Amino acid sequence: MIHLKKISKIFYPKTVALKDINLHIRPKEFVSIVGQSGAGKSTIIKILTAEEKATHGDVIVGGWDITDIKRREVPVLRRQIGVVYQDFKLLPRKTVFENVAFAMEVCGISNKRINNVVPQVLKIVGLKDKLDRYPHQISGGEIQRAAIARALVHRPKILLADEPTGNLDSLNTKDIIDLLLKINEFGTTIVLVTHNKDIVNRLKKRVVLLDNGQIVSDEEEGKYIL
Amino acid sequence: MSSILRVIKFATQDFFRNFWLSFVTLTILVLALFSINLLIIFNMVAKSAITAIENKININVYFKPEIPEDQVQTVKNYLQSLIQVREVAYISKEQALDDFKNRHKDNPKILASLDELSKNPLGASLIVTAKNTSEYPKILEYLADPQYNNMIESKNFDDHQLVIERISDITQKVNTGVIAVALIFTIISLLIIFNAIRMAIYTHKDDITAMKLLGATNWFIQGPFLLEGVLFGLLSIIITIIIVYPLIGFIQPYIGSLLQTDFNLLNYFNQNFVMIFGLELLGAIVINLLSSYWAVSKYVKV
């Protein structure tokens, strides 16, 4: 599903963010990428969403070699991946419904289908009663659930979650992780980037540990040990 | 097609949901356009004031009392044939005497001394109005020909020469000044509009990044902002018209009484409505589109 081959990323002038990363993530896998701040976790997400280009190596997502992806192809790639961010990135002047619908609107999906699918997805994430609320009218946990609904609504094969619980309390954190596990059970490949030890250790899924831009361990049912 | 409809929906949604930002942006646009219209009004009032003063200037040519009427008429015909001359009015000896008596009706001594004279001591006169104040010296040059000059007792041009020179000077300075002020105003207005639109889009920069990360194309993101720019242009021109017309109605009577002319500012704006507001609309839309496009382009590079 995701294949990183000898990936390096050097930021101008000489900051090495990633060095010789080899990572293969299979379909339907749940992988946690862990490490301390500055380890290079978010840079991997940015390379997968074509926000950044790898300095060296090859990047393959869903069978598509995006190493030298063209600008006009970037939107097409992003529509096939769902991404959840720590800062949510919901559009503040759109309602929960409109925020989720926006991900389908950019894909050119009909209004009829949008009106049919969006309430269903919001029901899955537990927001069926808050369709008409604006982001500032709901809690942090609900905002993140809305962001997950938006990332899922166009049925991507891959969901990238970049520190999705970074701004949430422990109760909401648990809810979000449970939701991600449920989504994974439906067959979506999940890449979770976090530096939260408790989450990773509770998951008992594959753990890739990064340190100084390099993979220092990659274990099935691993633990986050510093 | 659905994509175009969505762009329209997003543009109108954003306009109303960011009401205060839209209101402030619109106010700045209206103020800029209103300033331009004020300048147009000032320019037209200044020009009409100068024309009104110019119309009041003329040369009085006084003929010797013994010059018969037919000779005065010959000079009149000659003057009327000159391209520099707009109008020549003839005042007969009798009319001149009546006017004189009328002017001094409260002075019995002057009237009594007039009665003692056996014949009319006043000559006929011509009042010459030029098409342009700068033409008077030329007209006087023609009158200096001995053929005419010998018939003339006096010309009052010297009284007006200073005024004429001052008026010509003021006209030229006002014209140059108006062009300079118009240029400065236009540049300032453009910069204000440009900045207002950029500021409005700056507040959306995080939204633009989020849209981009969701896979929206540049056109899908830029479309609503460009459309909003057009909407701002249209609304600002409508509001400007709503403000400018009552203002013209209010100041028109003052212009009429102050300048003593039949110049009608309202008619001027009515006759040049498409030219004035059409150009302003076009300018506002073009600058809105350019600034929107430029501002959004900065944030879509994600």
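Conventions we followed
- Residues numbered from 1 in each chain as written.
- Chains lettered and ligands numbered in written order.
- Predicted model: local features only at pLDDT ≥ 70, side-chain atom pairs only at ≥ 80, totals over all residues.
- Domains from an automatic or database assignment.
- Helix = DSSP H or I, 4+ residues; strand = E, 2+ residues; numbered from the N terminus.
- Nonpolar A, V, L, I, M, F, W, Y, C, P; charged D, E, K, R; others polar.
- Contact = placed C-beta atoms within 7 Å.
- Pairing = 2+ DSSP bridges.
- Axes fitted to C-alpha atoms, helices over the stretch in contact; angles between N-to-C directions.
- Buried ≥ 20, exposed ≤ 12 C-beta atoms within 10 Å, placed from the backbone.
- Expected span 1.5 Å × (residues − 1).
- Core = buried A, V, L, I, M, F, W, Y, C linked by C-beta atoms within 7 Å.

Residues and elements named next belong to chain A. When cut into domains, chain A gives domain 1 (1-80 + 156-226) and domain 2 (90-155). Look at where the C-alpha atoms of domain 1 and domain 2 centre, and you get two points 24 Å apart. When residues of the side of domain 1 that touches domain 2 are assigned to their parent elements, the largest contribution, five residues, is made by helix α6 (residues 170-185). Split by residue class, the side of domain 1 that touches domain 2 holds seven nonpolar, two polar and two charged.

Take the interface of chain A and chain B next. Tallying the contact residues gives 15 residues for chain A and 15 residues for chain B. With three residues, the top contributor of residues to the side of chain A that touches chain B is helix α3 (residues 96-105) of chain A. A class-by-class count of the residues in the side of chain A that touches chain B yields six nonpolar, three polar and six charged.

We now examine the sheet that holds strand β10 (residues 214-219) of chain A. All names here are of chain A. Taken in spatial order, the six strands of this open sheet run β6-β7-β8-β3-β9-β10, and their pairing is mixed. One side of each edge strand has no neighbouring strand; the edge strands of this open sheet are β6 (81-85) and β10. The average angle at which neighbouring strand axes cross in this sheet is 15 degrees, direction not considered. Sitting on the sheet, helix α1 (residues 41-48) is in contact with β3 (30-34), β6, β7 (158-162), β8 (189-194) and β9 (206-211), with an inclination near 145 degrees to β7. Contacting β3, β7 and β8, α6 crosses the sheet at an angle of about 155 degrees to β8.

When the parts of a complex come together, some accessible area is lost, and that lost area is often used as the size of the interface. As assigned here, chain B comprises domain 1 (2-53 + 167-299) and domain 2 (65-150). Relative placement of domain 1 of chain B and domain 2 of chain B: their C-alpha centres are 55 Å apart.

Residues and elements named next belong to chain A. In the segment running from Y12 into P13, the intervening peptide bond is cis, with an omega of 0 degrees. Non-glycine residue F88 carries a positive phi angle of around 65 degrees. With respect to the element layout, F88 can be found in the loop between β6 and α3. Accessibility expressed as a C-beta count within 10 Å gives 21 for F88, which makes it buried.

Right, let's talk about the sheet that holds strand β3 (residues 125-130) of chain B for a bit. All names here are of chain B. A sheet is described by the order of its strands in space; here four strands give the open sequence β2-β3-β1-β4, paired in antiparallel fashion. Looking at the sheet topology across the chains shown, the edges are occupied by β2 (85-91) and β4 (152-155). Going across the sheet, the axis of each strand differs from the next one's by a mean of 20 degrees, ignoring polarity. Taken together, the four bridges between strand β1 (residues 59-63) and β3 define a ladder with antiparallel strand orientation. Bridge assignment links V61 to a residue of β3, and that residue is L126. Strands β1, β2 and β3 of the sheet are contacted by helix α3 (residues 69-81), whose axis makes an angle of about 165 degrees with β2.

The end-to-end C-alpha distance of helix α12 (residues 273-299) of chain B is 39 Å, a good match for the 39 Å that 27 residues give at a rise of 1.5 Å each. Among all positions in α12 of chain B, only E280, L281, A284, I287, N288, S291, S292, A295 and V296 of chain B are buried.

Inside soluble globular proteins, nonpolar side chains tend to come together where they are buried. V100, A149, L159, L160, A161 and V191 of chain A together with L29 of chain B are the most contacted members of the largest nonpolar core, which totals 100 residues. Those residues within four positions of A161 of chain A in sequence are excluded, and the remaining contacts are V84, L180, I190, V191, L192 and V193 of chain A. I59, F63, V72 and A124 of chain B belong to the second-largest nonpolar core, a separate cluster that totals 16 residues.

All right, on to the pairing of β3 of chain A then. A regular strand places its side chains on the two faces of the sheet in alternate fashion. All names here are of chain A. Where burial is concerned, most of β3 is hidden: five out of the five residues are buried. Side-chain alternation along β3 places F30, S32 and V34 on one buried face and V31 and I33 on a second face that is also buried. In this structure, β3 lies alongside β8, joined through five bridges in parallel fashion. Paired with F30 across the strands is I190, a residue of β8. Taken together, the four bridges between β3 and β9 define a ladder with parallel strand orientation. Residue pairing for β9: V34 is matched across the bridge by L209.

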